[in-house]
Structure formats: C-alpha cells, structure tokens
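Given next are the chains, with one letter for each unit.
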Amino acid sequence: MEKIYMVGLISSFLLMGCAGIIPDLGVNNGKLTPCPKTPNCVNSQAIGEKCYIQPIDYTGVQQKARFNLLQVLESEHQAKILMAQENYIRAEFKSTFFGFVDDVEFYFSEAQTSEKVIHIRSASRAGYTDFGINRKRIERIQSKLKQAQ
C-alpha cells in the first residue's frame, strides 16, 4: 500500500510540475535570455557554450522569412504561437504524454551588418535534461525553413 501511495504522489508531482511557471523571456539589448546551466536549452547567441546552436540564415526580405517561420511553426505538432511581433516570435511546445512545456523564441536580429539571421532559444521549462529534444526540434525547424526558401 505504501508503494502505491508513493508512486501516486511522485506521479502527481511530476504531472503538476511539468508545465512549470511561464518564464519572463524576450529580447533585452538585442539578446535572448541566456540558457541556464542545465542541459535542456539551446541558444544561437551562446557562442562557445555547450548550448550553442547555429542561428537560422535566410535570404530575401525579413517579412517573407517571418511568414515562412510562422507557417513552419503552425505545421509543428504540439506548437502554440504565443506572440508574433515584427522581429520576435515566441511559441511553446507541449509534450503529448507528460505535458512538459518548452519555450521557443525566434529573434530577427537588427544587426548593423548585412547578415540575415534569426536567433533562436529553445528551453525546457522544468527539469534538468531534455535528452536533446530542444536541439532536435530547432534542427528540424531549420531544415523546414531551408526547404521553404
């Protein structure tokens, strides 16, 4: 009986804590929020760190790249677009079984250079590791965007 109680208690804790608290994210001085020290985040502005991921390069005008990105996000299962501004998009992805939530951000850099990139941050809201899910998701989105160009 005690084992069943403990399993139920642990399961309830895990399920209730999966969504986590919505973090305060966004762009501050041209930078996305840095990744935490946990291995459940990728960020294209974290150069030299384990969590670094290549930003998305695009050709053409920003409005077309933004439109393509929104189309890709709408095609992704478990994705919900929370904010779609001119140079910033925020979405969340929710896992099917446990309801874990990952926050994903895209920032169209307003750099002074002619570089056309979309900076990315994707992080689990709760837990320690994500078993590479955030990196795989962003790589899939990058691939879909290259096909759309």
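Presented here is a report on the structure given in the accompanying data block. Note that the structure is a prediction, hence the values are computed from the model and not measured.

### Observations regarding helix H2 (residues 62-75)
Alright, step 1. The terminal C-alpha atoms of H2, which comprises 14 residues, lie 20 Å apart, in line with the 20 Å expected from a rise of 1.5 Å per residue.
Alright, step 2. Considered for burial, the residues of H2 that qualify are Ala 65, Asn 68, Leu 69, Leu 70, Val 72 and Leu 73.
Alright, step 3. In this fold, the buried residues of H2 make contact with strand S5 (79-84), strand S6 (88-94), strand S7 (101-108), strand S8 (117-124) and helix H3 (133-148).

### A short note on the state of the cysteines
Alright, step 1. This model, assessed by the stated rule, comprises one disulfide.
Alright, step 2. Here Cys 35 engages in a disulfide with Cys 41; their sulfurs sit 2.1 Å apart. In this structure, the disulfide formed by Cys 35 and Cys 41 twists by about -70 degrees around the S-S bond and is classed as left-handed.
Alright, step 3. You can call Cys 41 buried: its relative accessible area is 6%.
Alright, step 4. Between Cys 51, a cysteine without a disulfide, and Cys 35, which holds the nearest cysteine sulfur, the sulfur-to-sulfur distance is 3.6 Å.
Alright, step 5. Judged by its relative accessible area of 12%, Cys 51 is buried.

### Some points on the pattern of salt bridges
For side chains of opposite charge, pairing can occur when their charged atoms come near one another.
Alright, step 1. The full count for this structure, using the stated rule, is seven salt bridges.
Alright, step 2. Residue Glu 76 pairs with Arg 140 through a salt bridge whose shortest N-O separation is 2.5 Å. Placement of the pair is Glu 76 in the loop between H2 and S5 and Arg 140 in helix H3, with a sequence separation of 64 residues.
Alright, step 3. Glu 76 sits in the buried class, given a relative accessible area of 7%.
Alright, step 4. Taking the relative accessible area as the measure of exposure, Arg 140 reaches 38% and is therefore partly exposed.

### Some points on the packing of aromatic side chains
Alright, step 1. Considering all chains together, one arrives at three aromatic pairs under this definition.
Alright, step 2. Where Tyr 58 meets Phe 108, the ring centres are 6.0 Å apart and the plane angle is 70 degrees; that geometry is what we call edge-to-face. Residue Tyr 58 is found in the loop between strand S4 (56-57) and H2, and its partner Phe 108 is found in strand S7; the two are separated by 50 residues along the sequence. Like Tyr 58, the residue Phe 108 is buried in the burial classification.

### Some points on the nonpolar core
Alright, step 1. Grouped together as the largest cluster of nonpolar side chains are 20 residues, with contacts concentrated most on Leu 69, Phe 106, Ile 138 and Ile 141.
Alright, step 2. Of all the elements in the fold, those that place two or more residues in this core are H2, S6, S7, S8 and H3.
Alright, step 3. Here Phe 106 is in contact with Ile 56, Leu 69, Leu 73, Asn 87, Tyr 88, Ile 89, Ile 118, His 119, Ile 120, Ile 138 and Ile 141, once residues within four sequence places are set aside.

How each quantity is defined
- Residues numbered from 1 in each chain as written.
- Predicted model: local features only at pLDDT ≥ 70, side-chain atom pairs only at ≥ 80, totals over all residues.
- Heavy atoms only, no water.
- Helix = DSSP H or I, 4+ residues; strand = E, 2+ residues; numbered from the N terminus.
- Expected span 1.5 Å × (residues − 1).
- Buried < 20%, exposed > 50% of the residue type's maximum accessible area, 1.4 Å probe, protein only.
- Contact = heavy atoms within 4.5 Å.
- Disulfide = S-S within 2.5 Å.
- Salt bridge = Lys/Arg side-chain N within 4 Å of Asp/Glu carboxyl O.
- Phe/Tyr/Trp six-rings, centres within 6.5 Å; stacked < 30°, edge-to-face > 60°.
- Core = buried A, V, L, I, M, F, W, Y, C linked by side-chain atoms within 4.5 Å.

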